[in-house]
Amino acid sequence: MLSEKSLEAIAFERSKYPPEESRSALLAALRIAQEEQGYLRDELITYVANLLDLPPIQAFEVATFYTMYDLKPVGRHKFCVCGSVSCFLNGSDRIIRHLSERLGIGLGETTEDGLFTLQEVECLGACKDAPMLQLGDRYYENLTPESLDALIAELQGGSTDVR
Amino acid sequence: MYVNGVTLKNRGVPDSHRLSVYAGTGGYEALRKVLQEPMAPEQIIAEMKKSALRGRGGAGFPTGLKWSFMPKGVSGTKYLLCNADEGEPGTCKDRDIMRYEPHRLIEGMIIGAYAMGATAGYIFIRGEFIEPINIVEDALAEAYAAGYLGKKILGTDFSFDLYVYRGAGAYICGEETALMEALEGKKGQPRFKPPFPASYGLYGRPTTINNVETFASVPDIITKGGEWFLNLGKPNNGGTKIFSVTGQVQKPGNYEVPMGLPFRDLLEMAGGLRPGRQLKAVIPGGTSTAMIAGEVMMDVTMDYDSISKAGSALGAGSVIVMDDSVCMVRTVERIARFYMHESCGQCTPCREGMGWLWRVMHRLENGQGREDDLQLLLDVGSRIEGRTICALADGGVAPVVSSIKLFREEYEYHIEHKRCMISMGEH
């Protein structure tokens, strides 16, 4: 169900913990599985549990507790806009409204072409450069409507640089 | 004044995250001193106590004292953990230490491990911090290659392995025992204390956990002495502290300054308020700490004891500045949403109470407030406080109760007029 590369990555994670503590590699294994397959469907969660010799319920508990796991398909580019207080005080609502209008979707929705998902998240720990969002591996900070437009154009142009 | 001189010393230097740059500015000299002089573990802990360094993650517990709790002479593994699960709204300092000074953190941890006899450690970094994670991973590889980590460090009998652990999105994992649960591959739900981590921590083994900034303060304390560090600040409030100044200031940022600096000076460093604005209120230590009225705050100094005397807490040093353009009800509603979202669901008063507080705040903000809503908020708050396993719920109550106390007329205006007294407009 997972590629050789992902299995190797999970084995490496396992090596960081005492042999009898394979459960410690669970959060990482779920992340690696999601990175490869886009989201965590039930069979994939069970598969990861089996891989680590854990009862599936333990993997489901974790997959449903933490916010970074996607249990449903999301767009190729997932905008996670911070709406906590320092970002709020610097106009995060405006940022969300702008993205929503530009993309034609509401919070929690994905564009029909499967390219964009829009989410509001709680504090991402970049409060001094508010307002900000996370997109894939990167933080985009000190956002303005103009910088958002430039970012969307870049992504629509199929840039592979931005994930 | 000693500014940006300890944990963020090399910020701004090109490639400050690389070992070559760190070593070129005295990096790993403290570790050499400890291992080669050598310094006995008791001596290190005594120096830490002398420094009056207090935990920089928010609780402010004296670091040297915490280190002395680690049991001696036990067989089996002892663990040293770093809490890099930075997520309290307004807090963004550990991210910068990891981005610009990862080796200072690593060196601090190695010294701590030696002082406490720990042989394995994990740096628990929140999962969203992918850039810092990659930088710290690279720095660990450099430290291993240079012989600062692994077996027989610098040719001594001391061995220590250190790894990065990535979180997966949950504020509660910043609570130390929830962090340990997450590290064990479970939901991050806090444990009952006692037993405390020093006797029953990760995998039930003796464990010490400190914040990023705390560890990053250690190398300079060792090379320059505990007394030097203490004297940077004031008695019982040793050293410098990073303040993340955010919100409505002109130059938000991380400012590392001596403990005891007057707030008005810190505000000035952060560029002051926007033109024509008045200071309304300040949250001095992250959203879990009580709000302080602007005019009171202008006379407070930035240290644990002074802020505590003003009725709040220094917390993680996350200073959120609000000017007179702010609707307090709307702002606190937003803060309450955070605690509802982040409650781990374990304790009933928190699981139910955080949502309850938010729902009442939400209807107040949306013109549907009822006459007895303020009393309801205060009552619910008083029934939550002190009745949960961890401090999250108390932290969720603090902004609600403190803002009602300071800005009651604004709340009453919402109930009476069904709209904001101060319109933030298209915010």
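The structure presented is a predicted model; accordingly, all values stated were derived computationally and were not measured. (Residues numbered from 1 in each chain as written. Chains lettered and ligands numbered in written order. Predicted model: local features only at pLDDT ≥ 70, side-chain atom pairs only at ≥ 80, totals over all residues. Heavy atoms only, no water.)

Caption draft 1: Local environment of the overall build of chain A. The helix and strand tally for chain A stands at seven helices and four strands. In sequence order, chain A lays out its α and β elements as α-α-α-α-β-α-α-β-β-β-α. Viewed in the frame of its principal axes, chain A has a C-alpha envelope of about 50 × 30 × 25 Å. For chain A, long-range pairs separated by at least 24 residues make up 60% of all intrachain contacts whose partners lie at least 6 apart in sequence. Carbon together with sulfur atoms contributes 50% to the accessible area of chain A, which is approximately 7,200 Å² in total. (Helix = DSSP H or I, 4+ residues; strand = E, 2+ residues; numbered from the N terminus. Contact = heavy atoms within 4.5 Å. Areas by Shrake-Rupley, 256 points an atom, 1.4 Å probe, with all protein chains shown as cover.)

Caption draft 2: Local environment of the side chain of B:Thr240. Position of B:Thr240 among the secondary structure elements: in strand β5 (residues 240-247). Excluding its chain neighbours within four sequence positions, the residues that come into contact with B:Thr240 are B:Tyr2, B:Val6, B:Arg56, B:Phe229, B:Leu232, B:Glu256, B:Val257, B:Pro258 and B:Met259.

Caption draft 3: Quick peek at the side chain of B:Lys241. Residue and element names in this part refer to chain B. Its place among the elements puts Lys241 in strand β5. With relative accessibility at 0%, the residue Lys241 sits in the buried group. For Lys241, the side chain forms a polar contact with the main-chain oxygen of Ala316, separated by 3.0 Å. Apart from the residues lying within four places of it in its own chain, the contact partners of Lys241 are Arg56, Lys93, Glu213, Tyr255, Glu256, Val257, Met259, Leu314, Ala316 and Gly317. (Buried < 20%, exposed > 50% of the residue type's maximum accessible area, 1.4 Å probe, protein only. Polar contact = N/O pair within 3.5 Å; in protein donor to acceptor, adjacent residues only side chain to side chain.)

Caption draft 4: Examining the interface of chain B and chain A more closely. Tallying the contact residues gives 62 residues for chain B and 42 residues for chain A. Of the roughly 4,300 Å² buried between chain B and chain A on both sides combined, carbon and sulfur atoms contribute 55%. Between chain B and chain A we count seven salt bridges in total. Of the charged contacts, one joins B:Arg337 and A:Glu122 as a salt bridge, the two residues approaching to 3.0 Å between their closest N and O atoms. Mapped by element, the contributors of at least two residues to the side of chain B that touches chain A are α5 (94-100), α7 (130-145), β3 (161-166), α8 (176-183), β5, β6 (253-258), β11 (318-323) and α14 (328-342) of chain B. Considering every element that reaches the side of chain B that touches chain A, the biggest residue donor is α14(B), with eight residues. Taken together, the residues of the side of chain B that touches chain A sort by class into 25 nonpolar, 18 polar and 19 charged. (Buried area = accessible area lost by both parts, 1.4 Å probe. Salt bridge = Lys/Arg side-chain N within 4 Å of Asp/Glu carboxyl O. Nonpolar A, V, L, I, M, F, W, Y, C, P; charged D, E, K, R; others polar.)

Caption draft 5: Spotlight on the UniProt feature "binding site: [2Fe-2S] cluster" (unreviewed entry) in chain A. Residues and elements named next belong to chain A. Within the UniProt annotation, "binding site: [2Fe-2S] cluster" (unreviewed entry) is assigned to Cys82, Cys87, Cys123 and Cys127. These annotated residues cover 46 residues of sequence, but their C-alpha atoms sit close together, with the largest distance between any two at 9.2 Å. Considering the arrangement of structural elements, one finds Cys82 in strand β1 (residues 77-82). Not counting residues up to four positions away in its chain, the partners in contact with Cys82 are Cys87, Ser92, Val121, Glu122, Cys123, Leu124 and Met132. As for its position among the elements, Cys87 is in helix α5 (residues 85-88). For Cys87, a relative accessible area of 2% puts it in the buried group. Excluding its chain neighbours within four sequence positions, the residues that come into contact with Cys87 are Cys82, Ser92, Ala130, Pro131 and Met132. (UniProt positions renumbered as here; feature names shortened; annotations may be inferred.)

Caption draft 6: Focus on the packing of aromatic side chains. In total, this model carries 20 aromatic pairs over all chains according to the counting rule given. Here A:Phe65 and A:Tyr66 contribute two aromatic rings whose centre-to-centre distance is 4.9 Å and whose plane-to-plane angle is 80 degrees, an arrangement assigned as edge-to-face. Both rings, one in B:Tyr122 and one in B:Tyr163, keep their centres 5.4 Å apart while their planes meet at 25 degrees; by these two values the pair is stacked. Placement of the pair is B:Tyr122 in strand β2 (residues 120-125) and B:Tyr163 in strand β3, with a sequence separation of 41 residues. According to the relative accessible area criterion, B:Tyr122 is buried, its value standing at 2%. (Phe/Tyr/Trp six-rings, centres within 6.5 Å; stacked < 30°, edge-to-face > 60°.)

Caption draft 7: Main features of the UniProt feature "transmembrane region" (unreviewed entry) in chain B. When the UniProt feature table is mapped onto this chain, "transmembrane region" (unreviewed entry) is found at residues 105-125 of chain B. Here residues 105-125 of chain B is 57% helix and 29% strand, with 13 Å between the C-alpha atoms at its ends.

Caption draft 8: Layout of a nonpolar patch on the surface. On the surface, B:Phe61, B:Leu65 and B:Phe69 cluster together into a nonpolar patch covering about 260 Å² of accessible area. Of note, B:Leu65 is situated in helix α4 (residues 63-68). (Patch = residues over 30% accessible without salt bridge, like charges linked within 9 Å, V, L, I, M, F, W, Y side chains within 5 Å.)

Caption draft 9: A look at the sheet that holds strand β4 (residues 207-211) of chain B. All names here are of chain B. Read across the sheet, four strands follow the order β3-β2-β1-β4 without closing on themselves; strand pairing throughout is parallel. Both edges of this open sheet fall to β3 and β4, since each of them pairs with a single strand only. Put simply, the sheet's adjacent strands are angled 20 degrees from each other on average, direction ignored. Judged from the six bridges that link them, strand β1 (residues 79-84) and β2 form a sheet pairing that is parallel. What sits directly across from Ala84, in β2, is Ile125. Lying on the sheet, helix α6 (residues 102-116) is in contact with β1, β2, β3 and β4; it crosses β1 at an angle near 150 degrees. (Pairing = 2+ DSSP bridges. Axes fitted to C-alpha atoms, helices over the stretch in contact; angles between N-to-C directions.)

Caption draft 10: Expanded view of the sheet that holds strand β2 (residues 116-121) of chain A. Residue and element names in this part refer to chain A. Pairing is mixed across the open sheet formed by four strands, whose spatial order is β2-β1-β3-β4. Strands at the two margins of the open sheet, each flanked by one partner only, are β2 and β4 (138-140). Recorded for the sheet is a direction-independent mean angle of 25 degrees between the axes of neighbouring strands. Examined bridge by bridge, β1 and strand β3 (residues 133-135) share three bridges and lie antiparallel to one another. Note that in β3 the partner of Phe79 across the bridge is Leu135. Sheet strands touched by helix α7 (residues 145-156): β1, β2, β3 and β4. Its angle to β1, the strand with the most contacts, is close to 165 degrees.

Caption draft 11: Structural view of the pairing of β4(B). All names here are of chain B. In terms of burial, β4 is largely enclosed, as five of its five residues are buried. Judged from the five bridges that link them, β1 and β4 form a sheet pairing that is parallel. Looking at the pairing, Asn83 lines up with Asn211 of β4.

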